[in-house]
Amino acid sequence: MIATIWAWLTDPANWSGAGSIPDQTLEHLRLSFIALAVAALIAIPIGLYVGHTGRGRVVLVNLVSAFRAIPSLGVLFIAALLLLPRLRGELAFELPSLIVLVLLGMPPILSGVYAGIQQVDPAARDAARGMGMTGQQRLWQVEVPCALPLIFSGLRSSMLQIIATATIAAVVGLGGLGRFLIDGQANRKYDEMAGGAILVAVLALLVDLVFAALQRYAVSPGLASEARR
Amino acid sequence: MRIFGTDLSEVLDLAVSHAWLAGLPLLIGLLISLPLGWVALRRRWLYPPVIAGTGLLYTIPSLALFVLLPGILGTQILDPLNVIVAMTLYTIALLTRTVADGLGSVPDHVRQAATAMGYGPVRRFFVVELPLAVPVISAGLRVAAVSNVSMVSVAALIGVSQLGMLFTDGFSRSAMGPIVVGVIACVLLAILFDLLILLVTRVLTPWLRVVRA
């Protein structure tokens, strides 16, 4: 079993050309980063606003937990059935899945940003106000830097969610490493399925490690030591 | 009775197996996370490796885990056991940290008072520390329950029977009805699990109600 999976993973034929392992890995990364960027562009401002002003807090918290209950596979199929007949070409395969990836990627970022801003030490906030900082200055120079650990953990769980959902989205025609799992199953090739599964798991781990490294670099050392405690 | 072109009794059957596939791993996962979380808290040097190791499990996408487990366990790919094991792993990934933090939130003076009253470590754990950690652990359990219910549906792609079958079935026939019914049933099941955990927590923590009253 392990030997055949290894043989598939190391077969040179699987490593070059269209639909090869490097090809699908890059495709998976491309789609995931597009989805993460769009999700972050929408979710970070909302999270900052709610965290800073405290307005809409109840709505946000409930919305985030409600979203967690929605099964990604079902939403993918609904988006595909609704949009596939209305779109043409390459876009028809990518857009429905991308919309779902963005939707499912937003809740973790929202709750991370919101919770991060929310838990900033009130003493630090008061000190900033006492020093005469404006609302904008307090947000960007005090609250956001203090919230970075939780903002990063939100971004990381969002990315994991997106990578996992992108894998499933191969069912509705999306490219990426999920292709090996879905096509392998269609052709009854367990080595291809398992090989693809290993690649997806490794990709998710590596991306998370990169984010962890970025977090170490970006978060102030004073906060990092506190988080480690 | 039929709704959106879907037989309701069939939905109920699928919901029951869905509840098993999502619920049983919650219990097993909780039973495994309790000692893991306890060890991580009591032996300081074990905290980072245990928490990082269990956290790592969570990075593995569910579909990948469903596919890899038959190879590791030697089960058939259609065996529901794969789903049970996968969901148990995810539950452990989410709960170990929560258990450690929950037990860590028990105030030191309470622990010392219990020791002074002659409680041994085992009795102190079950009679004092664990009950006081229930609110934190139950918060983690709610997150795990909701995410389990949604993740189990992915197993439909490898053919394990549960509510997710309504998605694959509906999609293959280009029928929206079953998919919508499936999504609603999944959400309802998640809410049911959530309410159940809230109820058990309420029963287990009578002192919280007394303070509020």
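The rules behind each value
Residues numbered from 1 in each chain as written. Chains lettered and ligands numbered in written order. Predicted model: local features only at pLDDT ≥ 70, side-chain atom pairs only at ≥ 80, totals over all residues. Helix = DSSP H or I, 4+ residues; strand = E, 2+ residues; numbered from the N terminus. Buried ≥ 20, exposed ≤ 12 C-beta atoms within 10 Å, placed from the backbone. Contact = placed C-beta atoms within 7 Å. Axes fitted to C-alpha atoms, helices over the stretch in contact; angles between N-to-C directions. pLDDT = per-residue confidence, 0-100. Left-handed = near helix turned anticlockwise from the far one by under 90°. Nonpolar A, V, L, I, M, F, W, Y, C, P; charged D, E, K, R; others polar. Expected span 1.5 Å × (residues − 1). Core = buried A, V, L, I, M, F, W, Y, C linked by C-beta atoms within 7 Å.

(A) Broad picture of the overall build of chain A. Within chain A one finds 10 helices and 0 strands. Element order for chain A, N to C, with α for helix and β for strand: α-α-α-α-α-α-α-α-α-α. Once the C-alpha set of chain A is aligned to its principal axes, its extents read approximately 65 × 40 × 25 Å. Sorting the 229 residues of chain A into buried and exposed places 45% on the buried side.

(B) A look at the overall build of chain B. Helix and strand counts for chain B come out as 9 helices and 2 strands. The order of α-helices and β-strands along chain B, N terminus first, is β-β-α-α-α-α-α-α-α-α-α. Its C-alpha atoms give chain B principal-axis dimensions of about 65 × 45 × 20 Å. Evaluated residue by residue, chain B yields a buried proportion of 43% over its 213 residues. Counted over contacts in chain B with a minimum sequence separation of 6, partners at least 24 positions apart contribute 70%.

(C) Broad picture of the packing of helix α1 (residues 8-42) of chain B against helix α2 (residues 47-59) of chain B. As a packed pair, α1(B) and α2(B) sit with axes 8 Å apart at the nearest point and diverge in direction by 145°. The residues of α2(B) that touch α1(B), namely those facing L36(B), V39(B), A40(B) and L41(B), are Y47(B), V50(B), I51(B) and T54(B).

(D) Highlighting the confidence of the model for chain B. For chain B, the mean per-residue pLDDT works out to 89, and 98% of the residues sit at or above 70. With pTM at 0.87, the complex prediction returns an ipTM value of 0.84.

(E) How the structure looks around the packing of α2(B) against helix α4 (residues 80-104) of chain B. All names here are of chain B. Running from N to C, α2 and α4 cross one another at 150°; their axes reach a closest spacing of 7 Å. For the element pair α2 and α4, the recorded crossing hand is left-handed. Of the residues in α4, those touching α2 at Y47, V50, I51, T54, G55, L57 and Y58 are L89, Y90, I92, A93, L94, T96, R97 and A100. Tallied by class, residues from the contact of α2 with α4 come to 11 nonpolar, 3 polar and 1 charged.

(F) Spatial organisation of the environment of G118(B). All names here are of chain B. Inspection of the secondary structure assignment puts G118 in the loop between α5 (108-116) and α6 (121-152). G118 gets classed as exposed once you count the C-beta atoms within 10 Å, which come to 8. Each C-alpha atom of the pair G118 and M176 lies 63 Å from the other, and the pair is 58 residues apart in sequence.

(G) Seen up close, the interface of chain A and chain B. The partner chain B presents 31 residues to the 28 residues of chain A that form the contact. At the level of secondary structure, the elements contributing two or more residues to the side of chain A that touches chain B comprise α3 (57-69), α4 (72-83), α7 (135-168), α8 (178-186) and α9 (190-218) of chain A. Broken down by element, the residue count for the side of chain A that touches chain B peaks at 9 residues, all from α9(A).

(H) Inspection of unusual backbone geometry at higher detail. A positive phi is found at R188(A), a non-glycine position, where the angle reads about 55°. With respect to the secondary-structure elements, R188(A) resides in the loop between α8 and α9. Phi angles above zero are rare outside glycine, and S174(B) is one such case at about 50°. With respect to the helices and strands, the residue S174(B) is situated in the loop between α7 (164-172) and α8 (176-204).

(I) Focus on α7(A). Under the 1.5 Å per step criterion, the end-to-end length of α7(A) is only 43 Å for 34 residues, more than 12% shorter than the ideal 50 Å. Summarising burial for α7(A): 24 of the 34 residues are buried, a large majority.

(J) Molecular detail of the nonpolar core. If you look at the biggest cluster of nonpolar residues, it comprises 123 residues, and the most contacted ones within it are L76(A), A197(A), F66(B), V67(B) and V149(B). Sort the elements by how many residues they give to this core and α7(A) lands first, with 13 residues.

(K) Fine view of α8(B). A rise of 1.5 Å per residue sets the reference length of α8(B), with its 29 residues, at 42 Å; its end C-alpha atoms lie 42 Å apart and thus fit the reference within 8%. Within the span of α8(B), buried status applies to P178(B), I179(B), V181(B), G182(B), V183(B), A185(B), C186(B), L189(B), A190(B) and F193(B).

(L) Summary view of the environment of I42(A). Relative to the assigned elements, I42(A) resides in helix α2 (residues 21-53). In this structure, the C-alpha to C-alpha distance between I42(A) and A127(A), residues 85 residues apart in sequence, is 30 Å.

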